[in-house]
Amino acid sequence: MSDQKVNILLVEDNPHHGELAMRALKMHNLAENFFWVKNGEDALDFLFCRGEFGLRKIENKPRVIFLDLKLPKKSGLDVLKEIRADERTKDIPVVMLTTSREEKDIVEGQNLGLNGYVVKPDDFEKFAEAIRNIGYYWLVLNQPPKR
Amino acid sequence: MQNQQPDLQTLYERLRESEEKYRRLVENAADIIYRTDGEGRFIYMNPVSLRMFGYTEEEFTGKHYLELFHPNFRNKARQFYATQFFNGRFTSYLEFPAVNKEGKQFWLGQNVQPLMEEGQIIGFQAVARDITDRVHAEDAMRKSEEEVRTLNAELEQRVIERTMQLENANRELEAFSYSVSHDLRAPLLTINGFSHFLAEHLGEKLDEEGKRLLTVIRSNTQMMQNLVSALLMLSKTNKKELEMVAIDMTALAEETFLEIASPEVVKKIHIEFPSMPQAHGDKLLMRQVWSNLLSNAIKFTLAKEERTITIGGHSDENRTIYFVKDSGAGFDMKDVGKLFGVFSRLHTDEQFEGTGIGLSIVRRVVHRHHGDVWAEGMPDKGATFYFSLPVKI
């Protein structure tokens, strides 16, 4: 992959939920520069420009990461830990998307500096609205700090 | 003379009388009394001795004292008496198994004193009593104490095992509720979303039948969502720690009713909120109880012409009983056992929608408050659901 600008990085292993998120973003014209990886390792390769993402520049950070909690191999919380542990990536806003309502996950995410936590509603219209709200907030309302 | 010495004849008479008195005492005693020479061979035994051991006086006389002991006890007895004499103790007490002429065993408790003459031991005198009943009673007591100990140990072991099983079951239940919340919800969102896209994709091309098919998919997805939410609520009901507070049940029932009933429904139903006794419980869970009972009452009343819901509560010494009575579809008392079970429903979806979990949540909550739930009903004559809570001491 070339060195393109990315607004939203989606980390989601469920292909259908990924498509739902993508369609929801499209519905609200927020899908520009959207990139989707299917597991935690790919997400970290992407962010740290390793492997198939070797040509990317690390400075081209996504403006927000939508991170699924339950991922194969590396969990969402593990990925978050590594993002927060590195000077170059620790400022990227991360919003957790999950079907889990387990309180311990929420607390652990908050301790790791999670910027938001969205429990995926069962209902698509509510889901689309949640996606729109967080996309709108992080891409439109929230201005990244000037360098 | 006042202080005249008695003559020899009188003294002899008195001695004979005294000896006679002494002999009668010994012969009529209930205890065994016998005497041996210095080597331990019997030279005198009273009638009780003869009766107890079954020997004639001739057989008994000249026997060694150890012959009266059970063979297994003879060494021990020999040592015991050797120690007594070695230490110069005037009296000893020993309990031992004795055997009679027929070989029958019985227990004796025996006092032994040496007979001294001019500083020499010339024999031994013993008084013994049958203690068989006491020894047997003690044995039985020891045995039953041992049995109790064994039973207690077994019981403790069983409690440990059961506790472990329960803990495992609880862990499984938690894993299950986690899986319900995550793994079952994920495909639901997908079905819901993609049926939405399908409708959008087909748009104008969708005819009436197509629309109906999609509606069936949608409404069933909704039903499944309700089920999953209700299951989650049930498992949360188990896990939530109780925060016990005083609850104004009248206010809580009214609040809950207005929360779950839409304005149109409120207009259609006749309901009053009389003053009810305060409860002591977890407010969030109690709200759930009112919510489930009232929404049931609403559901089953709406289809009828007479739409009345009556609620109330009263206390006695030990408990407060609350009830929700409706004029709805009711139920047959033979089905009363099924009412509170998970997934058990008395009506089909066409009749009344529902998850079949609501009343089991009610029961779980009330049981966690150490109360009871029960119901009364008649087909088409309405139903009354009761729950009781202990009065706070």
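Residues numbered from 1 in each chain as written. Chains lettered and ligands numbered in written order. Predicted model: local features only at pLDDT ≥ 70, side-chain atom pairs only at ≥ 80, totals over all residues. Heavy atoms only, no water.

**Q** Looking at this model, I keep getting lost on the packing of aromatic side chains. Mind explaining?
**A** Both the distance between ring centres and the angle between the ring planes are used here to describe each pair of aromatic rings. With the rule as written, the count across this model stands at 25 aromatic pairs over all chains. Between Phe-124 of chain A and Phe-127 of chain A, the ring centres sit 6.4 Å apart and the planes meet at 40°, which makes this aromatic pair tilted. Residue Phe-124 of chain A and its partner Phe-127 of chain A are both found in helix H5 (residues 124-141); the two are separated by three residues, about one turn of the helix. Taking 5.7 Å as the distance between ring centres and 80° as the angle between the ring planes, the aromatic pair formed by Phe-53 of chain B and Phe-60 of chain B counts as edge-to-face. Three or more aromatic residues link up through ring pairs in this structure, and these residues are Tyr-34, Phe-42, Phe-53, Tyr-55, Phe-60 and Phe-106 of chain B. Here Lys-38 of chain A stacks its cationic end above the ring of Trp-36 of chain A, 4.4 Å away from the centre of that ring. Looking at Arg-132 of chain A, its charged tip hangs above the ring of Tyr-136 of chain A, at a distance of 5.9 Å from the centre. (Phe/Tyr/Trp six-rings, centres within 6.5 Å; stacked < 30°, edge-to-face > 60°. Helix = DSSP H or I, 4+ residues; strand = E, 2+ residues; numbered from the N terminus. Lys NZ or Arg CZ within 6 Å of the ring centre and 35° of its normal.)

**Q** Quick question: what am I supposed to make of the domain arrangement of chain B here?
**A** Think of interface size as the accessible area that goes away when the parts come together; that is how it is often given. All names here are of chain B. Domains assigned within chain B are domain 1 (16-130), domain 2 (134-239) and domain 3 (241-390). Domain 2 and domain 3 are separated by 23 Å when their C-alpha centres are compared. Each partner contributes to the interface: domain 2 provides 10 residues, whereas domain 3 provides 13 residues. Both sides together, the interface formed by domain 2 and domain 3 hides about 1000 Å², and carbon and sulfur atoms give 70% of it. At the surface where domain 2 touches domain 3, the tally comes to zero salt bridges. Where domain 2 packs against domain 3, one counts zero residue pairs in polar contact (both at pLDDT 80 or more). In the side of domain 2 that touches domain 3, the residues fall into six nonpolar, three polar and one charged. (Domains from an automatic or database assignment. Contact = heavy atoms within 4.5 Å. Buried area = accessible area lost by both parts, 1.4 Å probe. Salt bridge = Lys/Arg side-chain N within 4 Å of Asp/Glu carboxyl O. Polar contact = N/O pair within 3.5 Å; in protein donor to acceptor, adjacent residues only side chain to side chain. Nonpolar A, V, L, I, M, F, W, Y, C, P; charged D, E, K, R; others polar.)

**Q** Is there a simple way to think about the sheet that holds strand E4 (residues 105-117) of chain B in this case?
**A** Strands in a sheet are paired, the pairing made by backbone hydrogen bonds, and the direction either parallel or antiparallel. Residue and element names in this part refer to chain B. Here we have five strands laid out as an open sheet, ordered E2-E1-E5-E4-E3, and antiparallel in their pairing. A strand with exactly one partner marks an edge of an open sheet, and here the two such strands are strand E2 (42-45) and strand E3 (92-99). Adjacent strand axes in the sheet meet at a mean angle of 30°, parallel and antiparallel pairs treated alike. The sheet contact formed by E4 and strand E5 (residues 120-130) spans 10 bridges and is antiparallel. (Pairing = 2+ DSSP bridges. Axes fitted to C-alpha atoms, helices over the stretch in contact; angles between N-to-C directions.)

**Q** Would you explain the interface of chain A and chain B in this entry?
**A** With 21 residues of chain A at the interface, the matching set in chain B holds 18 residues. Carbon and sulfur atoms supply 58% of the area buried between chain A and chain B, which totals about 1900 Å² over both sides. Looking only at chain A, the three residues that lose the most surface to chain B are Lys-70, Thr-99 and Asp-122 of chain A, adding up to 34% of its buried area. Along the contact surface separating chain A from chain B lie zero salt bridges. Connecting chain A to chain B are five residue pairs in polar contact (both at pLDDT 80 or more). Breaking the side of chain A that touches chain B down by element, the ones donating at least two residues are helix H1 (15-27) and H5 of chain A. Per-element tally for the side of chain A that touches chain B: the top contributor is H1 of chain A, with five residues. In the side of chain A that touches chain B, the residues fall into five nonpolar, six polar and 10 charged.

**Q** Hey, could you run me through the sheet that holds strand E12 (residues 383-390) of chain B in this one?
**A** Residue and element names in this part refer to chain B. Judged by pairing direction, the sheet is mixed, and its five strands sit side by side in the order E7-E9-E10-E12-E11 without closing on themselves. Of all strands in the sheet, those with a lone pairing partner are strand E7 (270-272) and strand E11 (372-377), marking the two edges. With strand direction ignored, the average angle separating the axes of adjacent strands in the sheet is 15°. Pairing of E7 with strand E9 (residues 308-315), which is carried by three bridges, proceeds in the parallel orientation. When the sheet's bridge partners are listed, Glu-272 is paired in E9 with Thr-310.

**Q** What is the right way to look at the pairing of E9 of chain B in this model?
**A** Two faces, one strand: in a regular strand the side chains alternate between the faces of the sheet. Residue and element names in this part refer to chain B. Sheet topology note: the E9/strand E10 (residues 319-326) ladder contains seven bridges and is antiparallel. By the bridge assignment, Ile-311 is partnered in E10 with Val-324. Counted between consecutive antiparallel strands, the loop separating E9 from E10 contains three residues.

**Q** Teacher, can you tell me more about the pattern of salt bridges here?
**A** Any two side chains of opposite charge can pair, so long as their charged atoms come close to each other. All names here are of chain A. Inspection of every chain in the model, using the stated rule, returns 23 salt bridges over all chains. Measuring nitrogen to oxygen at the nearest pair gives 2.9 Å for the salt bridge that ties Glu-12 to Lys-120. With Glu-12 in the loop between strand E1 (8-11) and H1 and Lys-120 in the loop between strand E5 (116-119) and H5, this residue pair connects regions lying 108 residues apart in the sequence. Here Glu-12 falls in the buried class, since its relative accessible area comes to 2%. Residue classification places Lys-120 among the buried positions, given a relative accessible area of 3%. One network of salt bridges, with partners in common, ties together Glu-41, Lys-73, Lys-74 and Glu-82. (Buried < 20%, exposed > 50% of the residue type's maximum accessible area, 1.4 Å probe, protein only.)

**Q** Whenever I open this one, the confidence of the model for chain A confuses me. Can you help?
**A** Should pLDDT be low for a region, the predicted coordinates there are not to be read in detail. For chain A, per-residue confidence averages 85 on the pLDDT scale, and residues scoring 70 or more make up 92% of the total. Element-level pLDDT for chain A is lowest in helix H4 (residues 103-111) of chain A, with a mean of 79, against a maximum mean of 93 in E1 of chain A. (pLDDT = per-residue confidence, 0-100.)

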